[in-house]
Amino acid sequence: MIPTIPTPRALRVIWTGYVALFFVYLVLPLAVVAVFAFNDSQFPSLPWQGFTLDWFFGKTAPKIGVFHERSILGAIATSAIVGACVAVLSVAVGTSNAFLFNRYKFRGRGVLYVLMLLPLVVPGIVLGISILVFSSTVANGLWDTAKIDAVFLRPGLVLVVLGQFSFITTIATLVISARLQKFDQSLEEAALNLGANRLTAVRTITIPFLMPAIVGAGVVAFLMSFENFNTTLMLVGSDAPLTIAMFDRLKEGSTPLLNAVSLLLMLGSSLLALTLIAFQKRS
Amino acid sequence: MAASARLGFILLLMPLLLWLTLLIIIPHVDMLMLSLRERVGVGEYETSIANYKTVLTEPLYMRTFMRTAVMSILATLITLLIAFPVSYYIAKMVRGRARSVLFLLCLIPFWVSELVRTFGWMILLRETGVISQFLQWSGLVSGPVEMLYNDAAIMTGLVYTSMLFMVVPLVTTLDSLDDAVIEAGYDLGGSGWSVMREIVIPHAVPGIVSGCIVVFMLSLGNYLTPTMLGGKDSLWFTEMIYSQFIVRFNWELGAAFGFMLLFASSFIIWAMLRLTGQTLERTMG
């Protein structure tokens, strides 16, 4: 069942057919979401009522398009801000972790490494409630002892950022470590021999080498934050990020507006992914 | 030099320790303490295991818990069965450009949020949905069929959502299997099936394990898919956590639920690693 071994023709045909079916299964849900964004109807379902762009640009009720719907635009902005914060924080800590695990042999390293991996195997909703519980404990404690009202420790965007950061950092660490492992340390030593101090050597030699991984980890972190649902659900306050805002609307009943937002999301994330791949190829 | 290396070490260690203690360890300890607390009066609490007793004695909670676990295991197995032939095809049966295109195609749907994917299934499966209309149009059924709001719909959604996390590790491990080893298997008289069973599958075990761990955990902790695609009777354990925390405001019981979920997922992951002789570092790192 590899090209060099003769395989019965029937088996090959069945196998290829199966893989083709698999891809239909992968694409189908996304295709219908995209197509119904252009249906001139109140509901994202058949029959087809004709082509329209109202769900993107419409100005009047009942067909207010994405670009004129304040709450959705606001939610997109919220998600973007949260995503940017999570990306910056997790890449910074991830880079530091990568250096720590690659460059230093110390007691407890193995234990710390396993601990660092753990957030990946904790269900997102549990991460969310544990952070919610702890921050409330701290906030209540502050209020009882010092009468300080720590608003940022109540459900809201700060907690959402912290919650997402808590597991996305693991992924950033793994991505950046993988590249740091491939780095030839003698390059850094050469810089030291040529009179650079340690910090300069790292800044001018190692960090540029790591750049593709750093950018990659940042984009992945941003996308993961943008589409995170479980952890965010438990920590969200009054400003809802996009996934939560869309979820609330979906519960009330769906209109093609949601299809239009989804289509924009698909375009946005595939664009980001493609840029990332192009960037990775170039360097 | 030694002093500055030591300073660098401490500076690099700080963010890691802050992150792990403040956002992972202490919150989980705090959640455990909360779950071990019982409210006895206004503002008065006692340490007790009352919340866990409630979970164990209330049939609805236990049933939901077991149902969620069993369905997650089932979803993991189905994902593995569907993904394995596809991964093998990508890793071993196609070459060159077609191969990287197929692999990329597998990834692309998952750059889109889970909410959008679930929404897609709702459009397909509901009574007025695309599949129902198609079946009526083709004359296979006479009236609208409702395919949403049942366990099969949940299963479809879970398998779809988790597919990527199975395909990627499988393709990676199958890729590392040298073709010459498979050829040797055939030379020694193996049939297609015996080569698969005795060479390919044993080699793919690390990939199978890491895929299964992630898929199982994602299914167990999923909230969106069961809520949107499931019916009134198909309650998921995460929905109970949500309702205790946000709707009923009974955080003590909610924390106990959370801990049970964490325990169940950790136990199954541990058992899976033990059975196959793998470690977390090897499968995740």
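Residues numbered from 1 in each chain as written. Chains lettered and ligands numbered in written order. Predicted model: local features only at pLDDT ≥ 70, side-chain atom pairs only at ≥ 80, totals over all residues.

Enquirer: Explain the overall build of chain B to me, and be specific about the residues and the numbers.
Expert: Scanning chain B from N- to C-terminus turns up 13 helices and two strands. Relative to a compact globule of 285 residues, whose C-alpha radius of gyration would be 19 Å, chain B shows 24 Å and is clearly more extended. Scored against the burial criterion, the 285 residues of chain B give a buried share of 42%. (Helix = DSSP H or I, 4+ residues; strand = E, 2+ residues; numbered from the N terminus. Rg over C-alpha atoms; globule rule 2.2 N^0.38 Å. Buried ≥ 20, exposed ≤ 12 C-beta atoms within 10 Å, placed from the backbone.)

Enquirer: Explain the interface of chain A and chain B residue by residue, including any values.
Expert: Across the contact, 68 residues belong to chain A and 68 residues belong to chain B. For the side of chain A that touches chain B, the element with the most residues is helix α1 (residues 9-35) of chain A, which contributes 11 residues. The residue inventory of the side of chain A that touches chain B, partitioned by class, reads 53 nonpolar, 14 polar and one charged. (Contact = placed C-beta atoms within 7 Å. Nonpolar A, V, L, I, M, F, W, Y, C, P; charged D, E, K, R; others polar.)

Enquirer: Can you tell me about the UniProt feature "transmembrane region" (unreviewed entry) in chain B, naming the residues and giving the values?
Expert: This chain's UniProt record puts "transmembrane region" (unreviewed entry) on residues 7-26, 69-90, 102-124, 152-171, 204-224 and 253-273 of chain B. Helix makes up 100% of residues 7-26 of chain B and strand 0%, with an end-to-end C-alpha separation of 26 Å. (UniProt positions renumbered as here; feature names shortened; annotations may be inferred.)

Enquirer: I'd love a proper account of the packing of helix α3 (residues 59-93) of chain B against helix α9 (residues 192-220) of chain B, names of residues and values included.
Expert: Relative orientation and spacing of two packed helices are given, respectively, by the angle between their axes and the distance between those axes. Residues and elements named next belong to chain B. Put simply, α3 and α9 touch, their axes get as near as 9 Å, and they point 140° apart. Classified by the angle their axes make, α3 and α9 are oblique. The hand of the α3/α9 crossing is right-handed. For the pair α3 and α9, the contacting residues are Thr68, Ala69, Ser72, Ile73, Ala75, Thr76, Thr79 and Leu80 in the first and Ile208, Gly211, Cys212, Val215, Phe216, Ser219 and Leu220 in the second. Here the residues of the contact of α3 with α9 sort into nine nonpolar, six polar and no charged. (Axes fitted to C-alpha atoms, helices over the stretch in contact; angles between N-to-C directions. Parallel < 35°, antiparallel > 145°, perpendicular 65-115°, else oblique. Left-handed = near helix turned anticlockwise from the far one by under 90°.)

Enquirer: Outline the UniProt feature "transmembrane region" (unreviewed entry) in chain A, supporting the account with residue identities and numerical values.
Expert: All names here are of chain A. Within this structure's numbering, the places UniProt gives as "transmembrane region" (unreviewed entry) are residues 12-38, 72-100, 112-136, 156-180, 201-226 and 257-279. In the segment residues 12-38, helix accounts for 89% and strand for 0%; the C-alpha atoms at its two ends are 39 Å apart. Annotation note: span residues 112-136, helix share 76%, strand share 0%, distance between end C-alpha atoms 27 Å.

Enquirer: Outline the UniProt feature "domain: ABC transmembrane type-1" (unreviewed entry) in chain A, supporting the account with residue identities and numerical values.
Expert: Under the UniProt annotation, the feature "domain: ABC transmembrane type-1" (unreviewed entry) is placed at residues 76-276 of chain A. Its end C-alpha atoms 21 Å apart, residues 76-276 of chain A is made of 81% helix and 0% strand.

Enquirer: Outline the pairing of strand β1 (residues 37-41) of chain B, supporting the account with residue identities and numerical values.
Expert: Residues and elements named next belong to chain B. Note that β1 and strand β2 (residues 44-47) share four bridges and pair antiparallel. Residue Arg37 lies in a different strand from β2, and its bridge partner there is Thr47. With antiparallel pairing between neighbouring strands as the criterion, β1 and β2 make up a hairpin whose turn holds two residues, including Gly43 at a positive phi of roughly 70°. (Pairing = 2+ DSSP bridges.)

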